[in-house]
Amino acid sequence: EAQVTQNPRYLITVTGKKLTVTCSQNMNHEYMSWYRQDPGLGLRQIYYSMNVEVTDKGDVPEGYKVSRKEKRNFPLILESPSPNQTSLYFCASSLVGDKGSYEQYFGPGTRLTVT
Amino acid sequence: RKEVEQDPGPFNVPEGATVAFNCTYSNSASQSFFWYRQDCRKEPKLLMSVYSSGNEDGRFTAQLNRASQYISLLIRDSKLSDSATYLCVVNYGGATNKLIFGTGTLLAVQP
């Protein structure tokens, strides 16, 4: 089954304790992206990757890191989480076209609470 | 001004009703347009792409007006299962493949 998986699905942690949210896709997609969703703000892009070893900042990259060492995986790293990073996080993947016309497939989401 | 704007709703409609959502976008260079559906606390899923000529998928019709920079979604014969948040999404295309999301319109179909 074609899918994007994320782990963990739920996480409660404390300020400053490093964490990683994993994302994996089995569709051989070049493009992967991380979003956060907050009430009233919609989904905002954190980081994206056009292919292996190619990553770039989205709209809200502060406090986050990513890596793309393999095509299928795109982990999101919070080196020192803070309460303002409490949010619902989605990973997504897609093929790449010159007009961006391909559907993005989303993972099930990770609900993170930082106390 | 937000890049993609939607009326947040909620739109409370009875079963069988026809309901329409509109969305405006600010970047005239936008290349691709979509409606995604998001159920409560779940991931967004593509409902349909939106083409300049307009397109229909069963009870759903999407229209794009590039001159006025708006997108619409029409749902006919609403079902209880249509209750969800509908996200208007714009892709600037080019090198970044970036999606810009509206904040969504909440639809609640009542029995």
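Residues numbered from 1 in each chain as written. Chains lettered and ligands numbered in written order. Predicted model: local features only at pLDDT ≥ 70, side-chain atom pairs only at ≥ 80, totals over all residues. Heavy atoms only, no water.

Draft legend 1. A look at the overall build of chain A. Per the secondary structure count, chain A includes zero helices and eleven strands. Counting from the amino terminus, chain A carries its helices and strands in the arrangement β-β-β-β-β-β-β-β-β-β-β. In terms of C-alpha radius of gyration, chain A reaches 13 Å, essentially the compact-globule figure of 13 Å for 115 residues. Projected onto the principal axes, the alpha-carbon positions of chain A cover approximately 40 × 30 × 25 Å. Across the 115 residues of chain A, 50% fall into the buried class. Of the contacts formed within chain A by residues at least 6 apart in sequence, a portion of 54% connects residues at least 24 apart. Accessible surface for chain A amounts to roughly 5,500 Å². Of this, 50% is attributable to carbon and sulfur atoms. Taking the average place of the 13 positive charges on the side chains of chain A and the average place of its 11 negative ones, the gap between the two points comes to 6 Å. (Helix = DSSP H or I, 4+ residues; strand = E, 2+ residues; numbered from the N terminus. Rg over C-alpha atoms; globule rule 2.2 N^0.38 Å. Buried < 20%, exposed > 50% of the residue type's maximum accessible area, 1.4 Å probe, protein only. Contact = heavy atoms within 4.5 Å. Areas by Shrake-Rupley, 256 points an atom, 1.4 Å probe, with all protein chains shown as cover. Lys, Arg positive; Asp, Glu negative; His and termini not counted. Charge placed at Lys NZ, Arg CZ, Asp CG, Glu CD.)

Draft legend 2. Structural view of the packing of aromatic side chains. All names here are of chain A. Counting across every chain of the model gives twelve aromatic pairs over all chains. On the numbers, 6.1 Å between centres and 25 degrees between planes, the contact of Tyr31 with Tyr48 is stacked. Linking Tyr31 in strand S4 (residues 31–38) with Tyr48 in strand S5 (residues 42–51), this pair joins segments that are 17 residues apart in sequence. Take Tyr31 and Tyr48: they sit in the same class, and that class is buried. (Phe/Tyr/Trp six-rings, centres within 6.5 Å; stacked < 30°, edge-to-face > 60°.)

Draft legend 3. Summary view of the layout of surface pockets. All names here are of chain B. Its volume calculated, the largest pocket comes out at about 510 Å³. Ranked by residue count, the leading element in the lining of the largest pocket is strand S9 (residues 84–91), at three residues. Looking at the lining of the largest pocket residue by residue, the class counts come to eight nonpolar, nine polar and four charged. (1 Å grid on protein atoms, 1.4 Å probe; cavity = no way out; pocket = protein on both sides within 12 Å on 5 of 7 lines; lining within 4 Å. Points joined across faces, edges and corners; volume = space filled by probe spheres on them. Nonpolar A, V, L, I, M, F, W, Y, C, P; charged D, E, K, R; others polar.)

Draft legend 4. A look at the nonpolar core. If you look at the biggest cluster of nonpolar residues, it comprises 24 residues, and the most contacted ones within it are Phe21, Trp35, Ile71, Leu73, Ile75, Tyr86 and Leu107 of chain B. Listed by contribution, the elements that provide at least two residues to this core are strand S3 (19–25), strand S4 (32–38), strand S5 (45–50), strand S7 (60–65), strand S8 (70–75), S9 and strand S11 (105–110) of chain B. Apart from the residues lying within four places of it in its own chain, the contact partners of Leu107 of chain B are Phe11, Val13, Val19, Phe21, Ile75, Asp82, Ser83, Ala84 and Tyr86 of chain B. Judged by nonpolar contacts, the second largest core, of 19 residues, contains Met27, Trp34, Ile46 and Cys91 of chain A. (Core = buried A, V, L, I, M, F, W, Y, C linked by side-chain atoms within 4.5 Å.)

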